[in-house]
Amino acid sequence: MLHEVSFPSYNGRDEVQGWIYVPASRPRGIVQIIHGFGEHSRRYLHMISAFLDADYIVAADDHVGHGKTAMVNNVWGDWGESGPHTMMEDEYSLKKIVCEKYPDLPYFLFGHSMGSFITRDFIAKYGDELAGATICGTTGSFRNAREAAEALKKGIDEGRGMDSDAECVGILLGWMCERCGEVKIGNEWICADPYVQIDHANDPFDAFTKPTSNRSLYDFTQMMIQIEGTEWASKVPVSLPIYNIAGDQDPVGEYGKGVYEVSNWLVDTGHQVKTKLYSGYRHEIHNYKEIKCEVEAGIIDFMNALLG
């Protein structure tokens, strides 16, 4: 069964588009999938199907400025004026809708890339409402985030908040294909499979190839900065189990270093965290044909173990 839902964004401008997928079985729990920068939730259909087969209800939406939400609101690449917590608060709004329909079930989050940043922001505020969280392709201290933020803030202060300055994009993201060899599209860092790269680049629901406003890219930097260090980790409930996964050739996680930074921040503040790196794989470990079933099984095993 499928529910299509919509709800007002925290930004006060957009109507967020979301979906609740329900298995034809007794559900064990609920998983909310939080997608990454420039993409949309239906890039996770394989994972959604795996979770359904494992008897989990799955909730997902397309963030403001992304996917069907961008299409319905006719706003691509701009997230509004409400700051870096906007998407996190939208995810909490979706959670409330899901829990009204399906109360009293254990609730999990899965967040990839920017979705992992949103998840980390979420668990710092609402973590006591969750049974567990998986963060995938996350960042430690993201390279050049502060330098890009400074340049973006200058542009915003000069009245160019709705522009998209290529120089600022280059500072923040221009280095990410440094280990990819020949670069033809610019998204090679996500996955070594050329078919995944082409699918990602040509997807009409994908915002990755569309410009992102300076004010939204600034909010993106603030998303990352606000989830750094033990100061962030200490806000996360100690009782919340966390599964931290990534590829060890993922530039977002600085090739494993940043992934372990996050796990160590959590361990240093008394948290239970399991970390797994997939050797030889880039950012989207869930989109490599040869390991995606293994990645999904690992997440399901993590959740099942918590349910007993």
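Heads up: the structure comes first, above all this text.
Residues numbered from 1 in each chain as written. Predicted model: local features only at pLDDT ≥ 70, side-chain atom pairs only at ≥ 80, totals over all residues. Heavy atoms only, no water.

### A closer look at the overall build of the protein chain
Using the following cut-off: Numbered from the N terminus, helices here are DSSP runs of H or I no shorter than four residues, and strands are runs of E no shorter than two. Relative accessibility thresholds used throughout: buried, under 20% of the residue-type maximum; exposed, over 50%; partly exposed, between the two (1.4 Å probe, protein chains only). By definition, residues are in contact when any of their heavy atoms lie within 4.5 Å. The accessible surface values rely on the Shrake-Rupley method and a 1.4 Å probe; as for residues, cover is taken only from the protein chains in view. Note on charges: Lys and Arg go in the positive column, Asp and Glu in the negative column, and His and the chain ends are not counted at all. Note that the charge is assigned to NZ on lysines, CZ on arginines, CG on aspartates and CD on glutamates.
The helix and strand inventory of the protein chain stands at 11 helices and 8 strands. The 308 residues of the protein chain split such that 59% are buried. Looking at the protein chain alone, contacts between residues at least 24 apart form 76% of all its contacts between residues at least 6 apart. Carbon and sulfur atoms make up 49% of the accessible area of the protein chain, which amounts to about 12,300 Å² in all. Considering the protein chain, the positive charge centre built from 27 side chains and the negative charge centre built from 45 side chains are found 2 Å apart.

### A short note on the packing of helix 5 (residues 145-157) against helix 8 (residues 214-225)
Axis angle and axis distance: for two packed helices, these are the angle between their axes and the distance between the axes, and together they describe the pair. Put simply, the rule is: Simply put, an axis is a line fit to the C-alpha atoms, just over the touching stretch for a helix, and the angle between two N-to-C directions goes from 0 to 180 degrees. The hand of a helix crossing depends on one turn: near helix anticlockwise from the far one by less than a right angle means left-handed, and clockwise means right-handed. Any residue that is not Ala, Val, Leu, Ile, Met, Phe, Trp, Tyr, Cys, Pro, Asp, Glu, Lys or Arg is counted as polar, Gly included; the first ten are nonpolar and the last four charged.
Between helix 5 and helix 8, the shortest axis-to-axis distance is 9 Å and the interhelical angle comes to 145°. When you trace helix 5 past helix 8, the crossing you get is left-handed. Residues A145, R146, A148, A149, L152, K153 and I156 of helix 5 lie in contact with helix 8, whose contacting residues are N214, R215, L217, Y218, T221, Q222 and I225. Broken down by class, the residue content of the contact of helix 5 with helix 8 amounts to 8 nonpolar, 3 polar and 3 charged.

### Examining helix 10 (residues 257-268)
Selection criterion: Under the convention used throughout, the expected extent of a helix is 1.5 Å for every residue step, that is, one less than its residue count. Our arc is simply the arc of the directions from the helix axis toward the C-beta atoms.
An ideal rise of 1.5 Å per residue puts 16 Å on 12 residues; helix 10 measures up with 16 Å between its terminal C-alpha atoms. Inspection of helix 10 places G258, V259, V262, S263, W265 and L266 among the buried residues, and these make up the whole buried set. Considered in projection along helix 10, the buried side chains sweep an arc of 155° and stay on one side of the axis. Opposite its buried face, helix 10 presents the exposed residues K257 and D268, each directed more than 90 degrees away. Against helix 4 (114-126), strand 6 (132-136), helix 9 (229-233), strand 7 (242-247) and strand 8 (273-278) lie the buried residues of helix 10.

### Considering the nonpolar core
For soluble globular proteins, nonpolar side chains are generally found buried alongside one another. Put simply, the test is: The definition of a nonpolar core used throughout is a set of buried Ala, Val, Leu, Ile, Met, Phe, Trp, Tyr and Cys residues joined through side-chain atoms within 4.5 Å.
With 90 residues, the main nonpolar core has I33, F51, M114, F220, W232, I299 and M303 as its most contacted residues. When residues no more than four places from it in sequence are discounted, the contact partners of W232 are R120, I123, A124, Q226, I227, V262, W265 and L266.

### Regarding the pairing of strand 4 (residues 56-62)
Successive side chains on a regular strand alternate, one facing one side of the sheet and the next facing the other. Let me state the cut-off plainly: Between any two strands, pairing holds if DSSP finds at least two bridges.
Summarising burial for strand 4: 7 of the 7 residues are buried, a large majority. Neither face of strand 4 is left uncovered, since the one carrying Y56, V58, A60 and D62 and the one carrying I57, A59 and D61 both have all their residues buried. In the sheet, strand 2 (residues 15-21) pairs with strand 4 via 5 bridges, with the strands oriented antiparallel. Note that in strand 4 the partner of Q17 across the bridge is D62.

### Digging into the packing of helix 4 against helix 8
Where we set the bar: For classification purposes, angles smaller than 35 degrees are called roughly parallel, those larger than 145 roughly antiparallel, those between 65 and 115 roughly perpendicular, and all remaining angles oblique.
Interaxial distance between helix 4 and helix 8 falls to 9 Å at its minimum, and their mutual angle equals 55°. It follows that helix 4 is oblique to helix 8 by the angle criterion. Judged by the sense of rotation from one axis to the other, the crossing of helix 4 with helix 8 is left-handed. Residue-level inspection shows M114, F117 and I118 of helix 4 in contact with helix 8, the latter providing F220, M223 and M224. Residues that form the contact of helix 4 with helix 8 fall into these classes: 6 nonpolar, no polar and no charged.

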